[in-house]
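Listed below, chain by chain, are the residues.
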Protein chains: 2
Amino acid sequence: MQNSSEAVERMTRASPNGDLAHERAPEIVEALNAQEPADAARMLRSLPAEKAVEVLDLPGLDNTCEIIAELPTDTAVALLSGVSDDRAADIFKELIEPLRTTLLNRLNPDTRATISALLAYPERSAGSIMTTEFVSVPSTWTIAEVLHHIRMVERTRETVYSIFVVDPIKKTLIQAVSLRRLISADPHAGVLSAAPARRPLMISPEADRMEAARLISRYDLLAVAVVDGPGHILGIVTVDDVIDTIVEESTEDAQKFGGMEALDEPYLRISFLEMIKKRGGWLCALFLSEMLTASAMQTFQNELEKAIVLTLFIPLIMSSGGNSGSQATSLLIRALALHELRLRDWWRVALRELPTGIALGAILGVIGIARITVWQTLGFFDYGPHWELVAVTVGMALIGIVTFGSLAGSMLPFVLKRIGFDPASASAPFVATLVDVTGLVIYFGVAAVILRGTLL
Amino acid sequence: MQNSSEAVERMTRASPNGDLAHERAPEIVEALNAQEPADAARMLRSLPAEKAVEVLDLPGLDNTCEIIAELPTDTAVALLSGVSDDRAADIFKELIEPLRTTLLNRLNPDTRATISALLAYPERSAGSIMTTEFVSVPSTWTIAEVLHHIRMVERTRETVYSIFVVDPIKKTLIQAVSLRRLISADPHAGVLSAAPARRPLMISPEADRMEAARLISRYDLLAVAVVDGPGHILGIVTVDDVIDTIVEESTEDAQKFGGMEALDEPYLRISFLEMIKKRGGWLCALFLSEMLTASAMQTFQNELEKAIVLTLFIPLIMSSGGNSGSQATSLLIRALALHELRLRDWWRVALRELPTGIALGAILGVIGIARITVWQTLGFFDYGPHWELVAVTVGMALIGIVTFGSLAGSMLPFVLKRIGFDPASASAPFVATLVDVTGLVIYFGVAAVILRGTLL
């Protein structure tokens, strides 16, 4: 039995000049990634051309542009002409001038036109991840003709399992048929006889690439057609591009949720300065907004001096608010991302979070009061003559803060989405800051009411 | 152009007794999900049998078990016999007794045996998401024979695009061939002539289902074979199951990262009590460990009374430690999940995080010192006669805490993984608690050194 980590182990042990040509392309990519670009370029050249194209075709190859820059121009052009056009467009996107223009001009005119068209689609759009290497046939063909055509073009198409049937005159997409149905049907019948009863699913090239991912995952498709306004098929998004997209987006979401800009490269490859930039920006922004807590504390300076005992619970109370907020946020971000909820459902969520927050706050409040009572009674610590009132203050403040945290945490993703931001972008740190500042106000507000005339 | 949200809108408007039978299965699922189980069961029965099976086959159908319980036994048995066996196993997993045994015994013996075998695989294993409805042929067949066989069985197989070739005597898996190569090859040649040069990728049924997902995504496969020890093929994991798995796991990760147990159901469907349980457990655990901050504060009570000005910056300093820790954690969880890093790389990470943490801490420290200086100089607030020393204390404490946060945040995922836990399980809240308590100790430690003889 062979699995990927064993294969990786094997490659790591293999010498770079070893029998690379006999490895699978993903393992070769891993071996190249361990080398400097110049060495990787040398190794790539030593491979049979077909294998080298297969390797370059994989998005996992690091430093692709540096490697291409190290190759003789002829080799670079030959390899780039060989890879699938969506991958070639991705590579050209990263290439720097003047190499980019030099190489683009050396491609044959058809390929150049296709790649230029792909390059024009906005980042993260369905158009940017589509391939133009699909099978399309006119609706007037018989199944036998279609099968014959597939046998001819099979080697140059990313998938031949979805066949797109177009109007013979207007060239608009009318159906999608699957190869499995074609080979089981009567070869003399028209191709449309193997088509399902409904129109095929389509997406516009400007649509978000996650929309393509959702269609493919919802309808268990192998590919979805990308069509322009009048209905001409421009390309297809295939299931393997969709998997890459889903993994990439969830990595970015996780990093944004952790309060930083998404890294474009693996952890160990990113430069020190890049790392500081990606993390420092957010950290500073959060630090600046958290400074509001210092301002809030300053306004309560009198209360603090009179009742120093209150300061003991500030970290505890603040973190509880932050935790309940980040729970609610992470829950709602996912529910929105999975389309379980729509924007107009915000009030249903608010109506759920209000009692949930009160209940959770009450649970923590009871624990907090119990803690103070036990410590006081057993003599671990002396919270002063009014310790019962301090305990009640802590308990009440917890209810208020956890409720506020749950509400703020659940509503912020809706607000971000409403004003056109990705709800995942740093909702959690936002919520934490908001809840920290508000938490202090709630705490001292509750204290002012309960301790008025005794401690305050 | 048709996209999923429009389709959903359309369904939401359609009356439940409308033309449901003409909708696509995913849209029918959505319509059923909006109903009580009894009504959903009634609607399911009103569909043509083939459509009802298609609907039941989709994992997105809510309350499947309640719906099945509402169906007449004959209908339930007929539908369960029709759905793919991996989905049937999932449904049986959730069914409650005695219905489960009743229905299982009514299935035909072959189906029952298959489903019982699938039920025996551990949750989250490759075996638990595999299907047994694949095409396998002996290596002695010609391509024409294989194609004829595929035409016969096509309707009953989840995919016919990967064909698994087994040894005619030992029945062990020897190759996987793709339908696209088969239809382009000479029909009179042996099936192995269309096979690639290498052995097929395989996985054991006990392997983690994410391992299957990684193989499929790494090698751009449509299906991967699941084989037992001696090499017999037990089933296959297909690309659409892998997409569902990836989405499910990243949802769980996001929820765990947000500090709660993963929900099994959509947000609006989960009961109030279930919600309190899933969120309250973690919230209480975090609350109890955050109580250490109160204990830490208590030990510094003398310092607090002497230098009340120090309390003003506690929330700011603590949150900076927490933010830097959660950045590092989210970064490392993903890097480990994507296999960019292995356990033994921990020291490389530590060597990167140490200077990163110091640099980030220094940046925040400078901002913090500037803030205090500006407020003091412009007269916004009076930090007392020793304000310069207070500013230096805050700056130094920030360097210490951000460095500790980055180190602790980056090492904890390694520790969790090493001791056999999922690094994603609540690393972030763990780190926050650890960093909060340590942060207080660092802050008061730095203060004790710098302010000794003046404020303290």
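Residues numbered from 1 in each chain as written. Chains lettered and ligands numbered in written order. Predicted model: local features only at pLDDT ≥ 70, side-chain atom pairs only at ≥ 80, totals over all residues. Heavy atoms only, no water.

- By the naming in an unreviewed UniProt entry, chain A is Magnesium transporter MgtE, taken from Bradyrhizobium macuxiense.
- In its Function (unreviewed entry) section, UniProt records this for chain A: "Acts as a magnesium transporter."
- Quoted straight from UniProt, the Subunit (unreviewed entry) entry for chain A says "Homodimer." (UniProt positions renumbered as here; feature names shortened; annotations may be inferred.)

### Focus: unusual backbone geometry
All names here are of chain A.
Phase 1 of the analysis: Geometrically, the link from Glu-97 to Pro-98 is a cis peptide bond, its omega value of 5 degrees lying close to zero.
Phase 2 of the analysis: In this structure, Asn-63 is a non-glycine residue whose phi angle is positive, near 55 degrees.
Phase 3 of the analysis: Mapped onto the elements of the fold, Asn-63 is located in the loop between helix H4 (49-56) and helix H5 (64-70).
Phase 4 of the analysis: Looking at Asn-63, the relative accessible area reads 22%, which means it is partly exposed. (Helix = DSSP H or I, 4+ residues; strand = E, 2+ residues; numbered from the N terminus. Buried < 20%, exposed > 50% of the residue type's maximum accessible area, 1.4 Å probe, protein only.)

### Regarding the pattern of salt bridges
Residue and element names in this part refer to chain A.
Phase 1 of the analysis: Overall, the coordinates contain 30 salt bridges over all chains when judged by the stated rule.
Phase 2 of the analysis: One salt bridge in this structure joins Glu-211 and Arg-214, with 3.4 Å as the shortest N-O distance. With Glu-211 and Arg-214 both in helix H13 (residues 209-218) and three residues apart, the pair spans about one turn of that helix.
Phase 3 of the analysis: On the accessibility criterion, Glu-211 (13% relative accessible area) is buried.
Phase 4 of the analysis: By relative accessible area, Arg-214 is classed as partly exposed at 24%.
Phase 5 of the analysis: The salt bridge involving Arg-348 is made with Asp-345; its shortest N-O contact spans 3.1 Å.
Phase 6 of the analysis: Accessibility expressed as a relative area gives 39% for Arg-348, which makes it partly exposed.
Phase 7 of the analysis: Shared partners join several salt bridges into a network, and the residues in it are Arg-124, Arg-209, Glu-248, Glu-249 and Glu-252. (Salt bridge = Lys/Arg side-chain N within 4 Å of Asp/Glu carboxyl O.)

### Examining the sheet that holds strand E1 (residues 135-138) of chain A
All names here are of chain A.
Phase 1 of the analysis: Read from one edge of the open sheet, three strands run E1-E2-E3, paired in mixed fashion. What marks the edges here is a single partner per strand, and that holds for E1 and strand E3 (173-178). The sheet shows a mean angle of 30 degrees between the axes of neighbouring strands, taken without regard to direction.
Phase 2 of the analysis: Bridge count between E1 and strand E2 (residues 162-166): four bridges; the pairing is parallel. Within E2, the residue paired with Val-135 across the bridge is Ile-163.
Phase 3 of the analysis: The strands touched by helix H11 (residues 143-153) within the sheet are E1 and E2, with E1 carrying the most contacts at an inclination of about 150 degrees. (Pairing = 2+ DSSP bridges. Axes fitted to C-alpha atoms, helices over the stretch in contact; angles between N-to-C directions. Contact = heavy atoms within 4.5 Å.)

### Some thoughts on the pairing of E1(A)
Phase 1 of the analysis: The two faces of E1(A) differ: A:Val135 and A:Val137 on one face are buried, but A:Ser136 and A:Pro138 on the other face are not.
Phase 2 of the analysis: Regarding topology, H11(A) serves as the crossover connection from E1(A) to the parallel E2(A), and that connection is right-handed. (Right-handed = clockwise from strand over helix to strand, strands pointing away.)

### Some thoughts on the sheet that holds strand E5 (residues 223-227) of chain A
Residue and element names in this part refer to chain A.
Phase 1 of the analysis: Taken in spatial order, the three strands make up an open sheet running E4-E5-E6, and their pairing is mixed. The sheet is open, and its two borders are formed by strand E4 (202-203) and strand E6 (233-238), each paired with just one other strand.
Phase 2 of the analysis: The pairing of E5 with E6 spans five bridges and is antiparallel. Following the sheet pairing, Ala-225 is matched in E6 by Ile-236.

### Focus: the domain arrangement of chain A
Phase 1 of the analysis: Annotation of chain A at the domain level lists domain 1 (4-120), domain 2 (135-247) and domain 3 (267-451).
Phase 2 of the analysis: Computed over C-alpha atoms only, the centres of domain 1 of chain A and domain 3 of chain A are separated by 49 Å. (Domains from an automatic or database assignment.)

### A word on helix H14 (residues 239-257) of chain A
Phase 1 of the analysis: In this model H14(A) runs 26 Å from its N-terminal to its C-terminal C-alpha over 19 residues, within 8% of the 27 Å that 1.5 Å per residue would give.
Phase 2 of the analysis: A:Gly259 sits one or two residues past H14(A) and shows a positive phi near 80 degrees. (Expected span 1.5 Å × (residues − 1).)

### Brief notes about the relation of the copies chain A and chain B
Phase 1 of the analysis: When chain A is brought onto chain B, the operation consists of a screw motion whose angular component is 180 degrees and whose axial shift is 0.0 Å, with 0.1 Å RMSD remaining. The relationship between the two copies is best expressed as a two-fold rotation axis.
Phase 2 of the analysis: A shared binding surface is used by both copies, with 100% of the interface residues of chain A retained as interface residues in chain B. (Least-squares fit on C-alpha atoms with pLDDT ≥ 70 in both.)

### A word on the interface of chain A and chain B
Phase 1 of the analysis: Taken together, the contacts link 131 residues of chain A with 132 residues of chain B.
Phase 2 of the analysis: It is helix H15 (residues 272-299) of chain A that contributes the most residues to the side of chain A that touches chain B, 18 residues altogether.

### Side note on the UniProt feature "transmembrane region" (unreviewed entry) in chain A
Residues and elements named next belong to chain A.
Phase 1 of the analysis: Taking the UniProt record as the reference, the feature "transmembrane region" (unreviewed entry) is found at residues 354-374, 394-416 and 428-451.
Phase 2 of the analysis: Split by type, residues 354-374 is 100% helix and 0% strand. Its first and last C-alpha atoms lie 30 Å apart.
Phase 3 of the analysis: The distance from the first to the last C-alpha atom of residues 394-416 is 32 Å, and the span holds 100% helix and 0% strand.

### Describing the packing of aromatic side chains
Phase 1 of the analysis: Inspection of the entire model under this criterion finds 13 aromatic pairs over all chains.
Phase 2 of the analysis: Aromatic side chains A:Phe381 and A:Tyr383 sit 4.9 Å apart centroid to centroid with 55 degrees between the ring planes, which places their arrangement in the tilted category.
Phase 3 of the analysis: When the ring centre of A:Tyr219 is taken as origin, the NZ or CZ atom of B:Arg24, which lies over that ring, is 5.6 Å away.
Phase 4 of the analysis: The lysine or arginine in question, B:Arg352, covers the ring of A:Tyr267, its NZ or CZ lying 5.9 Å from the ring centre. (Phe/Tyr/Trp six-rings, centres within 6.5 Å; stacked < 30°, edge-to-face > 60°. Lys NZ or Arg CZ within 6 Å of the ring centre and 35° of its normal.)

### Thoughts on the nonpolar core
Phase 1 of the analysis: The biggest cluster of nonpolar side chains holds 113 residues, and the ones touching the most others in it are A:Leu44 and B:Leu44.
Phase 2 of the analysis: Ranked by size, the runner-up nonpolar core spans 88 residues in total, among them A:Phe287, A:Phe300, A:Tyr383 and B:Cys284. (Core = buried A, V, L, I, M, F, W, Y, C linked by side-chain atoms within 4.5 Å.)

### Brief notes about a nonpolar patch on the surface
Residues and elements named next belong to chain A.
Phase 1 of the analysis: The grouping of Trp-346, Trp-347 and Leu-351 at the surface amounts to a nonpolar patch, some 370 Å² of accessible area in total.
Phase 2 of the analysis: Inspection of the secondary structure puts Trp-346 in helix H18 (residues 346-377).
Phase 3 of the analysis: Residue classification places Trp-346 among the partly exposed residues on the basis of a relative accessible area of 46%. (Patch = residues over 30% accessible without salt bridge, like charges linked within 9 Å, V, L, I, M, F, W, Y side chains within 5 Å. Areas by Shrake-Rupley, 256 points an atom, 1.4 Å probe, with all protein chains shown as cover.)

### Comments concerning a negative patch on the surface
Residues and elements named next belong to chain A.
Phase 1 of the analysis: Where like charges cluster on the molecular surface, the negative patch consists of Glu-36, Asp-39, Glu-66, Glu-70 and Glu-265.
Phase 2 of the analysis: Relative to the assigned elements, Glu-66 resides in helix H5.
Phase 3 of the analysis: Since its relative accessible area comes to 41%, Glu-66 is described here as partly exposed. (Lys, Arg positive; Asp, Glu negative; His and termini not counted. Charge placed at Lys NZ, Arg CZ, Asp CG, Glu CD.)

### Quick notes on the UniProt feature "domain: CBS" (unreviewed entry) in chain A
All names here are of chain A.
Phase 1 of the analysis: If you check UniProt for "domain: CBS" (unreviewed entry), the listed places come out as residues 130-192 and 196-252 in our numbering.
Phase 2 of the analysis: Spanning residues 130-192, this segment combines 27% helix with 24% strand, and its end C-alpha atoms are found 25 Å apart.
Phase 3 of the analysis: Along residues 196-252 the backbone is 42% helical and 23% strand, and the end-to-end C-alpha distance reaches 37 Å.

### Observations concerning the pairing of strand E5 (residues 223-227) of chain B
Note on strand geometry: in a regular strand, side chains alternate between the two faces of the sheet.
Residue and element names in this part refer to chain B.
Phase 1 of the analysis: With five of five residues buried, E5 is to be regarded as a mostly interior element.
Phase 2 of the analysis: Across the two faces of E5 the burial is the same, with Ala-223, Ala-225 and Val-227 and Val-224 and Val-226 all buried.
Phase 3 of the analysis: As paired strands, strand E4 (residues 202-203) and E5 are joined by two bridges and run parallel to one another. Bridge pairing links Ile-203 to Val-226 in E5.

### Overview of the confidence of the model for chain A
The predicted structure's coordinates, where accompanied by low pLDDT, should not be read in detail.
Phase 1 of the analysis: Mean pLDDT over chain A: 87, with 95% of residues reaching 70 or higher.
Phase 2 of the analysis: Of the regions scoring below 50 in pLDDT, residues 1-17 of chain A engages in 29 contacts with residues more than four places distant in sequence or in other chains. (pLDDT = per-residue confidence, 0-100.)

### Quick look at the side chain of B:Ser128
Residues and elements named next belong to chain B.
Phase 1 of the analysis: Locating Ser-128 in the fold gives a position in helix H10 (residues 126-129).
Phase 2 of the analysis: Among the polar contacts made by the side chain of Ser-128, one reaches the main-chain carbonyl oxygen of Ser-125 at a distance of 2.8 Å.
Phase 3 of the analysis: Setting aside anything within four residues of it in sequence, one finds Ser-128 in contact with Asp-90, Lys-93, Tyr-121, Pro-122 and Glu-123. (Polar contact = N/O pair within 3.5 Å; in protein donor to acceptor, adjacent residues only side chain to side chain.)

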